[in-house]
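The residues making up each chain are set out below.
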Amino acid sequence: MPNLFKIDSSTFINLTMLLLFINKSIIFTRKGSVMKMKLQKWWHDKIVYQIYPKSFKDNNNDGIGDIKGIISKLDYLRDLGVDILWLTPYFKSPMEDNGYDVADYLEVNEMFGSMEDILELLAECKKRNMYIMMDIVANHTSSEHTWFKESKKSKNNPYRDYYIWRDEPLFDCQSTFGGSAWEYDEQTNQYYFHEFAKGQPDLNWENPKVLDEIAKCINFWLDKGVKGIRFDVIHLIGKEIDQNIHAYGPTLHQKVHELYKKSYGNYDIVTVGEAWGDLAKAIDFTDPKNEELDMVFQFECTSSTNDPLRLGKFTPRPIDMEFVKNTLIKYQNGLNDRSWNALFVENHDLGRCINRFGSLEFYDKSAKAIAVMNYFLKGTPYIYQGQELGMTNIKITDINDYDDVEVHGFYKEYVLDKKLLTYEEFLDGCHKEARDNNRTPIQWNNQINAGWNDGAKPWLKINPNYTEINAENQINNQNSIYSFYKDLIALRKNSLYCNTFVYGKFIAHLIERKNIFMYTRETDNQKILVVTNMCGERENISLPFEIEKVLLSNYNHSYNENITLEPYEAFAALIK
Ligand code: NOJ
Ligand code: CA
């Protein structure tokens, strides 16, 4: 009698094919004779594009970007090849920190548009197979939020415990934006805690009602079709303020897991956490068995220019690209088969990557090299608005023309109060690192106000280089930075190579070469080589591989075994 429960290898392969067919979420790879199963998620091959709504496109010409402006540019984004749009907070807000001070999570910020506009945006994205990722600020609210207004009224108000109140400021804590993190409130003769600006009181996550409220707000949007969440400073919830523990408090992971269970874990969405920490902490957050987050942003690279021995980001030091390379390798190896990386070099809190990681002297080549180096790694690419156009930092020469609460907070502390820096020294730091650098209006063409609106004064200065650097100039130019990003995205998604770029193993090579970042991405039947010269000098290398086909390059070179790489030369190639 045949043994019905015994299957031979060909039956097994057929069964796996069948499984593959009926359930696209399972793939098999063959390693030696061992079959290994991996879970495939719908978002694994997607590209995220970050939109700062206030600066993206001003449709109604009131000087502030808006949701209708985003809708008007969806075809531009679709053509570029991006899939998921991460919108920084678009909720009701007095805008002390440009939306990271939320006054009502269930209402749309009037300056950006209406609920109808957001619903239209969701519908228009759907038509183009695109998705929206929202930005949830769970650590704090605005002081204009009803919860805080109630909380402030009296010590026995039902909302009092939604926030952190104490009789005395503890541990002389400094706020991230300068000055004390404790604010005295006359009405009840107590102090409330704010990690960020005064208008951003911290929620008290010790109170279980806070988690329930935040879960409700998240579900409200997920039910409307939002497919992703970026969690603002999520490592700060679960703090133990009485012991001066701010980040990674003892209840952090339990809280995030509970939120997952009560909210987004019940939806098929993608999540990313802003979590300042190290590799071990990133693993805790993203190990799928912990059921917390899909990925976190690592800031070791992007914050490495902050000088810890002086005044941090306002006295920046030059970038050390070898450190950047080694850090990227560390995260690639550390998260490799376990969880997932978020790949980014810019966001709304940083300066432009050409200024920080590249070189204005080799403007075009370095912009492209940064993209090659970063976006063929394993993980989800995040492109920040304008990065694909090679937008650069802006030189604002009057402190009053800066908008950011952080700039003004530290200007007061470092220049006016403590006199640690001169006005000029502080401005110099701002030119390199101020967050306003990345928040200037997007440069769409060389017409009035860079085509961002029809002429009303923009809320923040437009970079005068818009006459040269703008989308219209680049879209039909095959050699532009925009076209390079478009080609890079298309290559990453090309069905011939996609599996290797998304799931292929990461292996670093020539690690000892200070200025060279060389790695391969490998599956059982394909190997792709990625090489970047990260400096402005020529570099000679001997390739330990035979090149079959160049897939993308920022110089039009063909390559053999011995190569002289030009400054910031970068390429990806199929190898034998
Ligand atoms: C991180 C956000 O990215 C930043 O813009 C904001 O100021 C702080 N969190 C506070 O919400
Ligand atoms: Ca507007």
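As shown above, the structure is provided for reference.
Everything numeric in this text was worked out from a predicted model, so none of it was measured.

S.K.: Would you mind showing me how to read the environment of Arg78 here?
M.R.: Within the fold, Arg78 resides in helix H4 (residues 74-80). Counting along the chain gives 453 residues from Arg78 to Val531, while the straight-line C-alpha distance between them is 28 Å. Dropping the residues within four chain positions of it, Arg78 is found in contact with Asp83, Arg128, Asn129, Met130 and Lys493. Of note is the side chain of Arg78, whose polar atom sits 3.5 Å from the backbone oxygen of Asn129.

S.K.: Help me understand the side chain of Lys255 in this model?
M.R.: You can see Lys255 is positioned in helix H8 (residues 252-262). Here Lys255 occupies a buried position and makes no salt bridge, while the nearest side chain of opposite charge, Glu258, is found at 5.1 Å. Lys255 has contacts with Trp205, Leu211 and Ile237, leaving out every residue within four places of it along the chain.

S.K.: I would appreciate a short explanation of the sheet that holds strand E9 (residues 182-185) in the present structure.
M.R.: The strand order across the open sheet built from three strands is E8-E10-E9, with neighbouring strands paired in antiparallel fashion. Edge positions in the open sheet fall to strand E8 (165-166) and E9, since each of these has one partner strand only. Note: E8 against strand E10 (residues 190-193), two bridges, orientation antiparallel. Directly across from Trp165, in E10, lies its bridge partner Tyr192.

S.K.: How should the pattern of salt bridges be read in this particular structure?
M.R.: For side chains bearing opposite charge, pairing can occur when the charged atoms are close. Applying the stated criterion across every chain yields a total of 38 salt bridges. The partner of Asp75 in a salt bridge is Arg128, with the nearest N and O atoms 2.7 Å apart. With Asp75 in helix H4 and Arg128 in the loop between helix H5 (115-127) and strand E7 (131-137), the pair connects residues that are 53 residues apart, well separated along the chain. Using a relative accessible area of 19% as the deciding quantity, one classes Arg128 as buried. As a salt-bridge pair, Asp83 and Lys493 come within 2.8 Å of each other at their nearest N and O atoms. Of this pair, Asp83 sits in the loop between H4 and strand E4 (84-87) while Lys493 sits in helix H16 (residues 481-493), placing them 410 residues apart in sequence. Residues joined by salt bridges that share partners form a network here, namely Asp97, Lys313, Asp349, Asp404, Glu406, Arg435 and Arg439.

S.K.: What should I look at first to understand the packing of helix H7 (residues 208-222) against H8 in this one?
M.R.: Two packed helices can be described by the angle between their axes and the distance between those axes. Closest axis-to-axis distance for the H7/H8 pair is 10 Å, and the angle between their directions is 45°. Taken together, H7 and H8 sit at an angle that is classed as oblique. Here H7 runs over H8; the crossing is right-handed. In this structure, H7 uses Leu211, Asp212, Ile214, Ala215, Ile218 and Asn219 to contact H8, whose residues at the interface are Lys255, Glu258, Leu259 and Lys262.

S.K.: Explanation requested: the layout of surface pockets in the structure shown.
M.R.: Rolled over the atoms, a probe with the dimensions of a water molecule shows which regions are left empty. What the largest pocket holds in volume is close to 900 Å³. Taken together, 37 residues form the lining of the largest pocket, with Thr176, Phe196, Trp276, Lys313 and Glu406 sitting closest to its centre. Within the residue set of the lining of the largest pocket, elements represented by two or more residues are strand E11 (228-232) and helix H13 (405-417). Per-element accounting of the lining of the largest pocket gives the leading share, four residues, to H13.

S.K.: What is the right way to read unusual backbone geometry from this model?
M.R.: Even without a glycine there, the phi angle at Asn61 is positive, about 55°. Owing to a relative accessible area of 28%, Asn61 belongs among the partly exposed residues under this scheme. Non-glycine residue Phe171 carries a positive phi angle of around 55°. On the accessibility criterion, Phe171 (47% relative accessible area) is partly exposed.

S.K.: Help me understand the sheet that holds strand E14 (residues 342-343) in this model?
M.R.: Paired through their backbone hydrogen bonds, the strands of a sheet run either parallel or antiparallel. Read from one edge of the open sheet, eight strands run E13-E12-E11-E7-E4-E3-E15-E14, paired in parallel fashion. On the outer flanks of this sheet lie strand E13 (295-297) and E14, each paired with one strand and no other. Bridge count for strand E12 (residues 270-274) against E13 is three bridges, and the pairing is parallel. Looking across to E13, one finds that Glu274 is bridged to Phe297.

Cut-offs and rules
Residues numbered from 1 in each chain as written. Chains lettered and ligands numbered in written order. Predicted model: local features only at pLDDT ≥ 70, side-chain atom pairs only at ≥ 80, totals over all residues. Heavy atoms only, no water. Helix = DSSP H or I, 4+ residues; strand = E, 2+ residues; numbered from the N terminus. Contact = heavy atoms within 4.5 Å. Polar contact = N/O pair within 3.5 Å; in protein donor to acceptor, adjacent residues only side chain to side chain. Buried < 20%, exposed > 50% of the residue type's maximum accessible area, 1.4 Å probe, protein only. Lys, Arg positive; Asp, Glu negative; His and termini not counted. Salt bridge = Lys/Arg side-chain N within 4 Å of Asp/Glu carboxyl O. Pairing = 2+ DSSP bridges. Axes fitted to C-alpha atoms, helices over the stretch in contact; angles between N-to-C directions. Parallel < 35°, antiparallel > 145°, perpendicular 65-115°, else oblique. Left-handed = near helix turned anticlockwise from the far one by under 90°. 1 Å grid on protein atoms, 1.4 Å probe; cavity = no way out; pocket = protein on both sides within 12 Å on 5 of 7 lines; lining within 4 Å. Points joined across faces, edges and corners; volume = space filled by probe spheres on them.

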